[in-house]
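Structure assessment
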Amino acid sequence: LLFYTGVLMRVLLLAILCLSAFGCQSKGKAPSNSVSINIVTDPSTIDPRKVRNLNDIILTSMLFEGLMRMDQEGNASPALAKKVVISEDGKTYTFSLQKAYWTNGDKVSADDFLYAWTKSLTPGGLSENAFQLYCIENAKEVREGKLSLEALGIEAVDENTLVVRLAYPLPYFLELLCLPPFFPVNAKMDQSSWG
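The structure presented is a predicted model; accordingly, all values stated were derived computationally and were not measured.

Digging into the overall build of the protein chain
Tallying secondary structure elements over the protein chain gives 6 helices and 6 strands in all. Secondary structure of the protein chain in N-to-C order comes out as α-α-β-β-β-β-α-α-β-β-α-α. Looking at the protein chain as a whole, 32% of its 195 residues are labelled buried. When contacts within the protein chain are restricted to residue pairs at least 6 apart in sequence, those whose partners lie at least 24 apart make up 55%. A total of about 12400 Å² of accessible surface is found on the protein chain, and carbon and sulfur atoms cover 58% of it.

Describing the layout of surface pockets
In this model, the largest pocket occupies a volume close to 510 Å³. Taken together, 20 residues form the lining of the largest pocket, with Leu63, Phe64, Trp102, Pro184 and Asn186 sitting closest to its centre. For the lining of the largest pocket, a count of residues per class yields 13 nonpolar, 3 polar and 4 charged.

A few points about the confidence of the model for the protein chain
Counting all residues, the mean pLDDT for the protein chain is 84, and 82% of those residues have values of 70 or more. Under a pLDDT of 50 for its full length, residues 1-6 has, in the predicted model, 0 contacts with residues more than four places off or in other chains.

Topic: the sheet that holds strand S3 (residues 81-86)
In space, the 4 strands of this open sheet follow the order S3-S4-S6-S5, with antiparallel pairing throughout. On the outer flanks of this sheet lie S3 and strand S5 (154-158), each paired with one strand and no other. Taking each pair of neighbouring strands and ignoring which way they run, the sheet shows an average axis angle of 20 degrees. Inspection of the sheet shows S5 paired to strand S6 (residues 161-165) by 4 bridges, in the antiparallel sense. Bridging across to S6, Asp158 finds its partner in Thr161.

Brief notes about the pattern of salt bridges
Summed over the entire model, instances satisfying the criterion amount to 10 salt bridges. Among the salt bridges present, the one from Glu144 reaches Lys140, with a minimum N-O distance of 3.3 Å. By relative accessible area, which is 40% here, Lys140 ends up partly exposed. Residues Lys146 and Glu144 are paired through a salt bridge, measuring 3.0 Å at the closest nitrogen-oxygen approach. Overall, the relative accessible area of 61% leaves Lys146 in the exposed class. When salt bridges with common partners are traced through the structure, they connect Asp47, Arg49 and Asp190 into a single cluster.

Procedures and definitions
- Residues numbered from 1 in each chain as written.
- Predicted model: local features only at pLDDT ≥ 70, side-chain atom pairs only at ≥ 80, totals over all residues.
- Heavy atoms only, no water.
- Helix = DSSP H or I, 4+ residues; strand = E, 2+ residues; numbered from the N terminus.
- Buried < 20%, exposed > 50% of the residue type's maximum accessible area, 1.4 Å probe, protein only.
- Contact = heavy atoms within 4.5 Å.
- Areas by Shrake-Rupley, 256 points an atom, 1.4 Å probe, with all protein chains shown as cover.
- 1 Å grid on protein atoms, 1.4 Å probe; cavity = no way out; pocket = protein on both sides within 12 Å on 5 of 7 lines; lining within 4 Å.
- Points joined across faces, edges and corners; volume = space filled by probe spheres on them.
- Nonpolar A, V, L, I, M, F, W, Y, C, P; charged D, E, K, R; others polar.
- pLDDT = per-residue confidence, 0-100.
- Pairing = 2+ DSSP bridges.
- Axes fitted to C-alpha atoms, helices over the stretch in contact; angles between N-to-C directions.
- Salt bridge = Lys/Arg side-chain N within 4 Å of Asp/Glu carboxyl O.

See the structure below:
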């Protein structure tokens, strides 16, 4: 009886999964311009500075864009960065940004990266992922409160140019930039959401 109950439960579960996957389609209706994605559970956050679990990281990566993105071959390729210049010593990266806009119409600027990264590295800040930014010059010391934010190796030279100085050469820095902690955040929207 136990065997049959287990088999029955598996068949029932399979039937429920099939119905949930195919049961919501209406007959005769043309597909709309939308995509449905099963994200398994509600995200705990979509703030790129805070995401920790895989589902949240995947969803956040669908909603945000960083300086770089992984291409089909698994290499970092420009996303919001139009051009990247790396110094001879491999410690200074200068990014020229493409023209892009937030959903509220604001232009994505170098200041959005500066804002997000410094907010993550503020002592006692909200980001558990701040350690991923420690490759940036003085980042660890800033996070620990030993140095001020002005000592951080990030500079928004102008609206379209971001300069990042690393503490040491890091051959996979461009790949790191594909991760959510390195995504920009719109300061105006972020501050208005927290009051």
